[in-house]
Amino acid sequence: FGSRRIGDQICQGARRPSMMVRVLPDAFGLLCVLALASAQEDVPPHRKSPELHALTAPDADGTKQGPGLYVFGGKGYTQEPRRRGGKGGKGKKGNKGGMRSTVTFFSDSWLFNLSSESWEEMESPKDSPVPTARWKSSMTRLDDSSLVLFGGCSSTATSGVMNDLWVLEASCCPATANWREVQTDSSPRARRGHVSVTNSTHLFIFGGKGWGDDNEAGECLTDIYSLPLSALSSGADQSDQRGNWTRGADFPGRCRWGATGTILNFNGSAYLAVFGGRILNPGNENHATGESAYTYFDELWLYDTTAASWRLAKPDGPGPHRRDHHGAASIGDDLFVFGGRDSETRDKSSVLNDLWRFSLKENQWTQLGLKDHGPSKRYMPGVAEIRNPRGVEVLAVFGGEQLPGSTKRTTLNDLWFFTPGTWPGWTLVPTEDDSSEEALELEGLQPQSQLEEIFGHVSGGLGGLGAMLFVIAALAGVYVYKADLRRGARSNQVAAEPSEYVQIQD
């Protein structure tokens, strides 16, 4: 039927039947299943804590295929059509049709092609190993077509932390994720919510949260380890050639997790820039919502990767609000920080969508972005730097979770780009999966135009009564859709009201 949006609206009608739907409930439920089964599944499922990185997949002769954005892992949900009725389809207490959402930890790989503005799910060779599904992992680039993954967590509780090390090498065509696990000696302990970066010679792992048998909240970590990049080469992990991790200078500040770490180059040195994070204060239970339960940080620490020394940056002027589970990346020699969360409460005021730039050269923060135009408030987004097809470095933001809500209700899969020095700065990449009111307005689409598109595909594929039933169901779906817009709701995501969509910028 060609459009995920209309399929979703038909299924909404199956869940909340109107008078029209009650006349033909079974046909309507069937159309829900058919519409969603035939819709294009060409976007990653909704998720928070995704890995997002620039990646180029070369073909067999080494020719690069242009800039791409790679997505891996995270925690979100998958959907599939429900069956109507109880046992045998006749029970009165069975479900009402529509879609069933299931919370999922992901191990999938997706590639967004900036030239064609399209997503492609990357396959892995048959019988080849792939990492366990996880979230709160950390990944960083090795070169244009390869990434390295360390740790993360396979469960909601901290007890599922890992310390495995993987290298991803991309190829095409089609886009393929070639994984191989790397064995090393003296590996850092298992953790999540940590940082991983590379300079020209080493991989660095810093901080995060580990698991302690006597501490359900997990154990905050201050250690930093480095591994020569040569240890990540294919075949380098043979028993007599394994790379060895070296522990550097422990973090001198108060312990924290959920911070970001980004490599910044300045005056010939490479610095690990660690911003934000939080720590559970003594005497408080994990996930306590009191104002004094957690300490959130707005500090920027710099680790000299050559001298193995820390220092606290002291920027001139104001900077970002305290936060954790935000996103960060570098463009040029500057650090960019977006979004995050400043409270454990599940209120809309607890999440952020401001964008800041820090310049080591100028030693100051600058707030960026435009009023009422940009990603909604969220935490655990994927953030990355990438060079677009015109050769301009831009910031990409993907997914995350809005509040109030839950993993099933308010995790996201939208993709935004921010181009420094341009107006309006932020650009939303439209996809068939985004049915928010704001996305429709940005794309200049109305439900009627979507319906016309559908009819063009349906007219040749359905005959007589079937076509009539589809038209009735589609019209009912549009009716539900318009009612949702009036109430400010959305089908797959919770839309922010226009005044909340991005923090107002003076």
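Values in this document were obtained by computation on a predicted structure and should not be read as measured data. (Residues numbered from 1 in each chain as written. Predicted model: local features only at pLDDT ≥ 70, side-chain atom pairs only at ≥ 80, totals over all residues. Heavy atoms only, no water.)

Comments concerning the overall build of the protein chain
- Helix and strand content of the protein chain: seven helices and 35 strands.
- Across the 506 residues in the protein chain, those meeting the buried criterion constitute 54%.
- Put simply, 64% of the contacts in the protein chain that link residues at least 6 apart link residues at least 24 apart. (Helix = DSSP H or I, 4+ residues; strand = E, 2+ residues; numbered from the N terminus. Buried < 20%, exposed > 50% of the residue type's maximum accessible area, 1.4 Å probe, protein only. Contact = heavy atoms within 4.5 Å.)

With respect to the sheet that holds strand β9 (residues 118–122)
- In space, the four strands of this open sheet follow the order β2-β3-β8-β9, with antiparallel pairing throughout. Each edge of the sheet is formed by a strand with only one pairing partner; in this case those strands are β2 (51–55) and β9. Sheet twist, expressed as the mean angle between neighbouring strand axes with direction ignored, is 25°.
- Both strand β8 (residues 109–113) and β9 contribute to a ladder of five bridges, which runs antiparallel. (Pairing = 2+ DSSP bridges. Axes fitted to C-alpha atoms, helices over the stretch in contact; angles between N-to-C directions.)

Focus: the packing of aromatic side chains
- Scanning all chains against the criterion turns up 19 aromatic pairs.
- With a centroid separation of 5.0 Å and an interplanar angle of 75°, the aromatic rings of F251 and W310 are classed as edge-to-face. Of this pair, F251 sits in the loop between β21 (246–247) and β22 (260–266) while W310 sits in strand β27 (residues 309–312); the two residues are 59 residues apart in sequence, bridging distant segments of the chain. When sorted by exposure, F251 lands in the same class as W310, which is buried.
- Plain terms: the ring middles of F358 and W365 are 5.2 Å apart, the flat faces sit at 50° to each other, and that makes the pair tilted.
- One Lys or Arg, R256, reaches over the ring of F297 and ends 3.7 Å from the middle of that ring.
- Across from the ring centre of Y294, 4.1 Å away, lies the NZ or CZ of R278, which sits over that ring. (Phe/Tyr/Trp six-rings, centres within 6.5 Å; stacked < 30°, edge-to-face > 60°. Lys NZ or Arg CZ within 6 Å of the ring centre and 35° of its normal.)

Looking at the nonpolar core
- Among the nonpolar cores identified, the biggest contains 17 residues, and L52, L69, F112, W119, I386, L415 and F417 are the most heavily contacted of them.
- Mapped by element, the contributors of at least two residues to this core are β2, β3 (68–72), β8, β32 (382–387), β33 (393–401) and β34 (411–418).
- In terms of residues, this core owes the most to one element, β33, which gives three residues.
- In contact with L415, not counting residues within four places along its chain, are L69, F112, W119, A396, V397, F398, T427, L428 and V429.
- L55, M139, C172 and A177 belong to the second largest nonpolar core, which has 16 residues in total. (Core = buried A, V, L, I, M, F, W, Y, C linked by side-chain atoms within 4.5 Å.)

Side note on the side chain of N413
- With respect to the helices and strands, the residue N413 is situated in strand β34.
- A relative accessible area of 3% places N413 in the buried class.
- Looking at N413, its side chain comes within polar contact range of the main-chain oxygen of P44, at 2.9 Å.
- Here H46 takes part through its side chain, which lies 3.4 Å from a polar atom of the side chain of N413. (Polar contact = N/O pair within 3.5 Å; in protein donor to acceptor, adjacent residues only side chain to side chain.)

So, the sheet that holds strand β28 (residues 327–331)
- One open sheet holds the four strands; their spatial order is β28-β29-β30-β31, and the pairing between them is antiparallel. At either end of the open sheet lies a strand with only one pairing partner, and these are β28 and β31 (364–368). With strand direction ignored, the average angle separating the axes of adjacent strands in the sheet is 25°.
- The pairing of β28 with strand β29 (residues 334–341) spans five bridges and is antiparallel. The residue of β29 that forms the bridge with S330 is L335.

Considerations on the environment of G66
- Mapping G66 onto the fold places it in the loop between β2 and β3.
- A relative accessible area of 29% means that G66 is categorised as partly exposed.
- As a C-alpha pair, G66 and R387 span 321 residues in sequence and 9.8 Å in three-dimensional space.

Focus: the pattern of salt bridges
- Using the criterion set out here, one finds 18 salt bridges in the structure.
- With its nearest N and O atoms 3.1 Å apart, the salt bridge here joins D324 to R278. On the criterion of sequence distance, the pair formed by D324 in the loop between β27 and β28 and R278 in strand β24 (residues 278–280) is long-range, its members being 46 residues apart.
- Classification of R278 by relative accessible area gives buried; the value is 7%.
- Of the charged contacts in the structure, one is a salt bridge between D354 and R323, with a shortest N-O distance of 2.8 Å. Of the two residues, D354 sits in strand β30 (residues 351–359) while R323 sits in the loop between β27 and β28, which places them 31 residues apart along the sequence.
- The exposure class of R323 is buried, given its relative accessible area of 0%.
- Here the salt bridges share partners, and the residues they tie into one network are K48, R346 and E401. (Salt bridge = Lys/Arg side-chain N within 4 Å of Asp/Glu carboxyl O.)

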